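What follows is the residue order along each chain.
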Amino acid sequence: MLPRLLLLICAPLCEPAELLLIASPSHPTEGSPVTLMCKMPFLQSSDAQFQFCFFRDARALDPGWSSSPKLQIAAMWKEDSGSYWCEAQTMVSKVLRSRRSQINVHRVPVADVSLETQPPGGQVMEGDRLVLICSVAMGTGDITFLWYKGAVGLNLQSKIQRSLTAEYEIPSARESDAEQYYCVAENGYGPSPSGLVSITVRIPVSHPILMLKAPRAQAAVEDVLELHCEALRGSPPILYWFYHEDITLGSSSAPSGGGASFNLSLTAEHSGNYSCEANNGLGAQRSETVKLNFTGRRSARDPLRRLPSPVPQEFTYLNSPTPGQLQPIYENEPRKQSVAVHGRQQHSSEQKAQKPRHIWRTRFL
């Protein structure tokens, strides 16, 4: 009778009681670790070696059965939400099971979306690599990143990844890539856009073209010679330098691009070779030389001083060391000039036979 009474008293203390599953933290956010503990609250002592296993929604979690009552999960995600429990057993005892515990993983919405560039500052050399980096200050889970070009929003690319940053790459920047860009990020709580970022594609100057503009076919001392230098490609501002026999004459700038001119009053020493240089800070380029030969001082019988003979408008020497040919250009417009006939003014439109207007230019090709 006594042994039987002792057995009844000892039974609640000597056999394992119900298991208890403890999750820490109990309300995790995505990306954070969680520790699961399988405890026997009323077990005081036992020599039995228990094996433990943790489950979620009827699926055993790795590593399965083990001697540790603790399971460390490095990072929890939204899809890890579910019903958890644990089991324990010995070689001779029945399987003990804890009650189910619902663990819900909280997702953090994306916030503070920004767009940055590499190289920094939004300026890139033509032909170089350009990277648009979209970042969020916070947000968990799978984040969808999208990149757009222009204020109207031409979609360039989209990526889904579990990180706070994503990149869109332009391997070789072209002039057409100069535009405004922005990106959008979202993880299920609605899209969040970044601000606009302007991209400037810097283009080195091309070899410039030098034109010498003189008032006559054969330039003379005291004439004003215009040197016009122009690079057909290149990001502004462009600075032009003008040279005579590699001696600097002066400079002129083109803040908005295009060409620039430099005027030179000719002296007897100004025959020879002329050239110009264009530079926009991305490398200088030199033009070909243009050779200019001219006569001495202008005579009083210069055709420019006699009217109403046709007046040569302009003679252009264009990047060529060889003499050009005079070529007439005919324009059939009546002249605006008037002549005196019998005390009144007779306009050229009243003349019976009006000769075509001749403008002579030298063209050096």
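Residues numbered from 1 in each chain as written. Predicted model: local features only at pLDDT ≥ 70, side-chain atom pairs only at ≥ 80, totals over all residues. Heavy atoms only, no water.

> Would you take a moment to explain the overall build of the chain for this structure?
Helix and strand counts for the chain stand at one helix and 33 strands. The proportion of buried residues among the 365 residues of the chain is 35%. Contacts spanning at least 24 positions in sequence make up 62% of the contacts within the chain whose residues lie at least 6 apart. (Helix = DSSP H or I, 4+ residues; strand = E, 2+ residues; numbered from the N terminus. Buried < 20%, exposed > 50% of the residue type's maximum accessible area, 1.4 Å probe, protein only. Contact = heavy atoms within 4.5 Å.)

> Can you walk me through the pairing of strand E6 (residues 82-89) in this structure?
Within E6, seven of the eight residues are buried, which leaves the element mostly enclosed by the surrounding structure. As judged from the six bridges shared by strand E3 (residues 51-56) and E6, these two strands associate in the antiparallel manner. Of the residues in E6, the one forming a bridge with Cys-53 is Glu-87. Both E6 and strand E8 (residues 101-103) contribute to a ladder of three bridges, which runs antiparallel. (Pairing = 2+ DSSP bridges.)

> I keep staring at the state of the cysteines and nothing clicks. Help me out?
One covalent bond between the sulfur atoms of two cysteine residues makes up a disulfide. Taken as a whole and assessed by the stated rule, the structure comprises three disulfides. This cysteine, Cys-53, is not joined by any disulfide, and Cys-86 carries the nearest cysteine sulfur, 9.3 Å off. (Disulfide = S-S within 2.5 Å.)

> I would appreciate a short explanation of the pairing of strand E23 (residues 247-254) in the present structure.
Within a regular strand, side chains alternate between the sheet's two faces. Here strand E22 (residues 238-244) pairs with E23 via seven bridges, running antiparallel. Residue pairing across strands places His-244 opposite Ile-247, the latter belonging to E23. Here E22 folds back onto E23, and the loop between the two strands holds two residues, one of which, Glu-245, carries a positive phi near 50 degrees.

> It is not clear to me how the confidence of the model for the chain should be interpreted in this structure. Could you clarify?
Atomic detail in the predicted coordinates should be set aside for any region of low pLDDT. Per-residue confidence for the chain gives a mean pLDDT of 80, with 74% of residues at or over 70. Counted against residues more than four places away or in other chains, residues 301-313, with its pLDDT under 50, gives 16 contacts. Under a pLDDT of 50 for its full length, residues 320-365 has, in the predicted model, 74 contacts with residues more than four places off or in other chains. (pLDDT = per-residue confidence, 0-100.)

> It is not clear to me how the nonpolar core should be interpreted in this structure. Could you clarify?
Nonpolar side chains in soluble globular proteins tend to be buried together. By size, the foremost hydrophobic cluster in this structure holds 24 residues, and its most contacted members are Tyr-240 and Tyr-274. Mapped by element, the contributors of at least two residues to this core are strand E19 (209-214), strand E21 (224-230), E22, strand E24 (259-265), strand E25 (272-279) and strand E27 (290-292). One finds Val-110, Val-124, Tyr-168 and Tyr-181 within the second-largest nonpolar core, a separate group that totals 21 residues. (Core = buried A, V, L, I, M, F, W, Y, C linked by side-chain atoms within 4.5 Å.)

> Got a minute to help me understand the sheet that holds strand E11 (residues 130-138) in this structure?
Consider a sheet: its strands pair through backbone hydrogen bonds, and that pairing is either parallel or antiparallel. Strands sit in the order E9-E11-E14 across an open sheet of three strands; the sheet is antiparallel. Because the sheet does not close on itself, it has two edges, and the strands there are strand E9 (111-118) and strand E14 (165-170). The average angle at which neighbouring strand axes cross in this sheet is 15 degrees, direction not considered. Note that E9 and E11 share seven bridges and pair antiparallel. For Glu-116, the partnering residue across the bridge sits in E11 and is Ile-133. (Axes fitted to C-alpha atoms, helices over the stretch in contact; angles between N-to-C directions.)

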